[in-house]
Amino acid sequence: MSELRTPSRDGRPVTALDDGAGPALLVVHPGGADATSWDGVTPHLTGGYRVVRIHRRLYAPGAAPVLPHTMAVEAADVLAVAGLLEPPVVLVGHSSGAVAALEAARLAPTAFAGLVLYEPPLPTRELVAGAAGVRARAAIEAGDPVEAMRIHLRDIVRFPGHLVDGMLADPHLRSLVCAHAAAQIADDEALDALGVGIDRYAALAVPTTLIEGDLSPAHLRERLADLAAVLPDARTVTLTGQGHAAHLTAPYTLAAAVRDAAAGILAPGAAGGR
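Computed from a predicted model, the values in this text were never measured in an experiment.

Visitor: Sorry if this is basic, but what is going on with the sheet that holds strand S8 (residues 234-239) here?
Guide: Two pairing modes exist for strands in a sheet, parallel and antiparallel, and in both the strands are linked by backbone hydrogen bonds. Read across the sheet, eight strands follow the order S1-S2-S4-S3-S5-S6-S7-S8 without closing on themselves; strand pairing throughout is mixed. Strand pairing shows two members of the sheet lacking a second neighbour, strand S1 (2-7) and S8, which therefore form its edges. Within the sheet, the average angular offset between the axes of one strand and its neighbour, ignoring direction, is 20°. Pairing analysis gives five bridges linking strand S3 (residues 24-28) to strand S4 (residues 50-54), with the strands arranged parallel. Its bridge partner lying in S4, Ala 24 is registered against Arg 50. Those strands touched by helix H2 (residues 96-107) are S3, strand S5 (89-94) and strand S6 (114-118), and its axis lies near 145° from that of S5.

And the structure:
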């Protein structure tokens, strides 16, 4: 594994982990962690692909959130790293990272052969964080990252309350969950700042595979269905028995879905192939 480094549009350096060889998969990781969160998935992809995992600036080691954070900044970072890669590039995003990927593709659709998006939490009909986000920000400002993450997990992601309480009661899990609390709340705010509605993606004709888990919170699957209805060239793949964190619970299964999607995009004669 090596590391790529390039300046973004604002001059800030962006780094990415670089593994494997072949057509490029540019991965934009989910919130609450850094690029290593896809460590379990990556080895199942590198047999036929070059896997480049961007460190999102919010979550890069040693980073502190610069407010207000925006998806426009994230999109510029994605495009900066994409510019280092030989085409064809398939852009893969997970959770809020999938929203950053969508925004990058919207700005430069010809930069990507296709998209693979795992449950992007878009404000399709309502805000993602809304009033809960205001409470989470107040908790961060009060120096209470545990309460901020309780609000995020229970009221924004909408995991069952008893699961959230159990997670935060465990010292090790609590430490992991709260390590990026300030960044996670800034991430939530950036999602809401996009505003309600997704018509801006209606002209994005890049071939797109949308991935969902059948055990994921209902609102995430509903948001995904709304996106599928608006994109000109989209299909949906459902991971049976999985939720929003298949990168941890079933990395091989998630990798297989990504491989299949990329193969379809890059197949000779496919709409996304080059």
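After that view, the rundown keeps rolling.
Visitor: What exactly am I supposed to notice about the pairing of strand S2 (residues 13-20) here?
Guide: In summary, the side chains of a regular strand alternate between the two faces of the sheet. Within S2, six of the eight residues are buried, leaving the element largely enclosed by the surrounding structure. Sheet topology note: the S1/S2 ladder contains six bridges and is antiparallel. Along S2, the bridge assignment pairs Pro 7 with Pro 13. Adjacent in sequence and paired antiparallel, S1 and S2 are bridged by five residues, among which Gly 11 carries a positive phi angle near 90°.

Reading the values: rules and limits
By convention here, each chain's residues receive numbers from 1 onward along its written sequence. Reporting of local features is limited, given that this is a predicted model, to residues whose pLDDT is at least 70; pairs of side-chain atoms are given and counted only at 80 or more, and all residues count toward the totals for whole chains, interfaces and linings. As a convention, hydrogens and water are excluded, and side-chain values are obtained from all of the structure's heavy atoms. Think of it this way: DSSP has to see at least two bridges between two strands before they count as a pair. Only DSSP runs of H or I reaching four residues or more are called helices, and only runs of E reaching two or more are called strands; each is numbered from the N terminus. A fitted line through C-alpha atoms represents every axis, and for helices the fit uses only the stretch in contact; the resulting angles, taken between N-to-C directions, go from 0 to 180 degrees. Two residues form a contact once any of their heavy atoms are found within 4.5 Å. The cut-offs for exposure are 20% and 50% of the maximum accessible area for each residue type, with area from a 1.4 Å probe on protein chains only; residues under the lower value are buried, those over the upper are exposed, and the others partly exposed.

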